[in-house]
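Each chain is listed here by its residues.
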Amino acid sequence: MIYIDFDKNILDKYHKIIKCWFLRKFAGGKTYKNGYNCGNDKCEICPKSIHKVSNIPEAAVDFFKNNIDTLIIGNPSELTKLYKEYIKLGIDDSDGIISDFFVITGYTNWFQDEFAKDFLSDLNINTCIYCNRNYTLDILYSHTRAELDHWFPKDKFPILALSLYNFIPSCHSCNHIKGNGDKTLKKMLKNENLSKKQIQQWWENVLETMNHPHDKNENENFTFSYEFDESLNSLSVKFRINPISKKVSTTLEFNKVLEIYNSHANFELKDLYDLRKKYSDTFLNIIESNFDGIMKKEEAYRMIFGIEIKEEDYHKRPFSKFKHDIIEELKRTC
Ligand SMILES: [Zn+2]
Ligand SMILES: [Zn+2]
């Protein structure tokens, strides 16, 4: 998983937009002249006509208004705390009105439609945070459109559907894997009969179990490695987790990173391995970067392997972490 470094300007920009939307939804009014005005002259929401949401219990509206900033820009642990406080209020949502307000009216019909594309390009993250295997750039031209995954799933934490720290740029395939999280969880915990309530509880304490893409320190304590099976003449991808961390291994397992990369073992991994075997000296020359005065090491890697080698740049090109880790290991072995 790749670390997301939130730029304060981006956080501010979307904080204002989402806050205005919420407050106008709660206050109503056709235009800023007779409805809620957030006070920002350049506001994109104020001048638009917005229907007031009228069917949400007052106690819920009060809670959201009182916690509006945390709701939008709270970090993952603040969001968990907020969610637990909300649940304690015991507001009945058996008809799903509150959930629908956040998930459908707010996220799907409004934010996703009008702002998801801008948000993704503002973030300037080019590849999927979970796998670093697919570009998330081709929003206009490709079927593999970038998606925003909700790290705290929408069906379990509907009120976090418009929380900025919950928006994770991801590829379709990883978003799909996350969508099947219940199945993965049952398998991971070796309990096919895990109840809905137990799954919800696991998620409410998930920050003790899994890393969030905004936790800088814990994210990259693993490296990709490989194993060559001589009898089968086959290569497979492995992890090294150092220092050993249950949290890192759970995160990798939940996001199916090993499965994803093993599906590439015969391509990307084999190419690097063969290159090392066949062109031993050249390979070492390339990676040791004997290019003095010709090009920088980063440029050589970009040109030859198509990857970035600085951790903070991994998100710019697919397979950067994977190939870089494997190349480092090949350099030491053979
Ligand atoms: Zn406004
Ligand atoms: Zn992905």
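Above: the structure in question.
Residues numbered from 1 in each chain as written. Chains lettered and ligands numbered in written order. Predicted model: local features only at pLDDT ≥ 70, side-chain atom pairs only at ≥ 80, totals over all residues. Heavy atoms only, no water.

### Concerning the packing of aromatic side chains
Item 1. Scanning the entire structure with this criterion turns up 42 aromatic pairs.
Item 2. Ring geometry for Tyr301 against Phe305: centres 5.5 Å apart, planes inclined by 55°, an arrangement best described as tilted. Taken together, the positions of Tyr301 and Phe305, both in helix α16 (residues 297-305) and four residues apart, correspond to about one turn of that helix. There is no split in this pair, since Tyr301 and Phe305 are both buried.
Item 3. Lying across the ring of Phe222, Lys321 places its NZ or CZ 4.7 Å from the centre. (Phe/Tyr/Trp six-rings, centres within 6.5 Å; stacked < 30°, edge-to-face > 60°. Helix = DSSP H or I, 4+ residues; strand = E, 2+ residues; numbered from the N terminus. Buried < 20%, exposed > 50% of the residue type's maximum accessible area, 1.4 Å probe, protein only. Lys NZ or Arg CZ within 6 Å of the ring centre and 35° of its normal.)

### Notes on the coordination of the zinc ion (ligand 2)
Item 1. The protein atoms that coordinate the zinc ion (ligand 2) are Cys128 (SG), Cys131 (SG), Cys171 (SG) and Cys174 (SG), at distances of 2.3 Å.
Item 2. Taken together, the four donor atoms coordinating the zinc ion (ligand 2) span angles of 106 to 114° at the metal, a pattern that classifies the geometry as tetrahedral.
Item 3. All donor residues of the zinc ion (ligand 2) come from one chain, and their arrangement in sequence is C-x2-C-x39-C-x2-C. On the criterion of sequence distance, the pair formed by Cys128 in the loop between α6 (116-123) and β1 (147-150) and Cys171 in the loop between β2 (167-170) and α7 (172-179) is long-range, its members being 43 residues apart. As far as burial versus exposure is concerned, Cys128 and Cys171 are alike and both buried. (Donors = N, O, S within 2.8 Å, 3.2 Å for Na, K, Ca; no water. Tetrahedral: all angles 85-135°; square planar, octahedral: opposite > 155°, others 65-115°.)

### Quick look at the side chain of Lys247
Item 1. Among the secondary structure elements, Lys247 is positioned in helix α12 (residues 246-254).
Item 2. Of note is the side chain of Lys247, whose polar atom sits 2.9 Å from the backbone oxygen of Leu207. (Polar contact = N/O pair within 3.5 Å; in protein donor to acceptor, adjacent residues only side chain to side chain.)

### A few points about the nonpolar core
Item 1. If you look at the biggest cluster of nonpolar residues, it comprises 97 residues, and the most contacted ones within it are Phe22, Phe64, Phe111 and Phe119.
Item 2. Of the residues forming this core, the biggest block, 10 residues, is contributed by helix α1 (residues 8-27).
Item 3. Counting the residues that make up this core, at least three belong to each of domain 1 (8-179) and domain 2 (220-332).
Item 4. In contact with Phe111, other than residues within four places in its own chain, are Tyr14, Ile18, Gly106, Ala116, Phe119, Leu148, Leu162 and Phe167. (Core = buried A, V, L, I, M, F, W, Y, C linked by side-chain atoms within 4.5 Å. Domains from an automatic or database assignment. Contact = heavy atoms within 4.5 Å.)

### Focus on the pairing of β1
Item 1. Going residue by residue along β1, you find Glu147 and Asp149 tucked away on one face and Leu148 and His150 tucked away on the opposite face as well.
Item 2. Strand direction decides the pairing type here: β1 and β2, joined by four bridges, are antiparallel. Each residue of the ladder has a partner; that of Leu148, found in β2, is Pro169. (Pairing = 2+ DSSP bridges.)

### Notes on the pattern of salt bridges
Item 1. Scanning the entire structure with this criterion turns up 15 salt bridges.
Item 2. A salt bridge links Asp122 to Lys13; the nearest nitrogen and oxygen atoms lie 2.8 Å apart. Remark: Lys13 occurs in helix α1 and Asp122 occurs in helix α6; sequence separation between them is 109 residues.
Item 3. The shortest N-O distance in the salt bridge between Lys178 and Asp149 comes to 2.7 Å. Pair noted here: Lys178 is in helix α7 and Asp149 is in strand β1, with a separation of 29 residues, a long-range link. Each of the two residues, Lys178 as well as Asp149, counts as buried.
Item 4. Several salt bridges share partner residues, and in doing so they unite Asp155, Lys156 and Asp182 into one network. (Salt bridge = Lys/Arg side-chain N within 4 Å of Asp/Glu carboxyl O.)

### Quick notes on α16
Item 1. For α16, every residue scored as buried is listed here: Ala300, Tyr301 and Phe305. What you see down the axis of α16 is that its buried residues fit within an arc of 95°, all on one side.
Item 2. One or two residues past the end of α16 sits Gly306, with phi positive at roughly 70°. (Arc of directions from axis to C-beta.)

### Quick notes on the side chain of Thr127
Item 1. Looking at the element boundaries, Thr127 is found in the loop between α6 and β1.
Item 2. A polar contact of 2.9 Å, which involves the side chain of Thr127, links it to the backbone oxygen of His315.
Item 3. Non-local contacts of Thr127, meaning those with residues more than four positions away in its chain, are made with Ile2, Asn132, Asn134, Tyr135, Thr136, Tyr314, His315, Lys316, Arg317 and Pro318.

### Quick look at α7
Item 1. Listing the buried residues of α7 in full gives Cys174, Asn175, Ile177 and Lys178. Considered in projection along α7, the buried side chains sweep an arc of 155° and stay on one side of the axis.
Item 2. The secondary structure elements touched by the buried residues of α7 are β1, β2, α8 (181-188), α9 (196-204), α12 and α13 (257-262).

### Considerations on unusual backbone geometry
Item 1. Look at the link from Asn242 to Pro243: it is a cis peptide, with omega at 0°.
Item 2. The residue Pro243 is located in the loop between β4 (234-241) and α12 in this model.
Item 3. The residue Asn124 is not glycine, and still its phi comes out positive at about 60°.
Item 4. Mapped onto the elements of the fold, Asn124 is located in the loop between α6 and β1.
Item 5. Overall, Asn124 belongs to the exposed group, its relative accessible area being 51%.
Item 6. If you check the backbone angles, Lys256 has positive phi at about 55° while not being a glycine.
Item 7. Overall, the relative accessible area of 23% leaves Lys256 in the partly exposed class.

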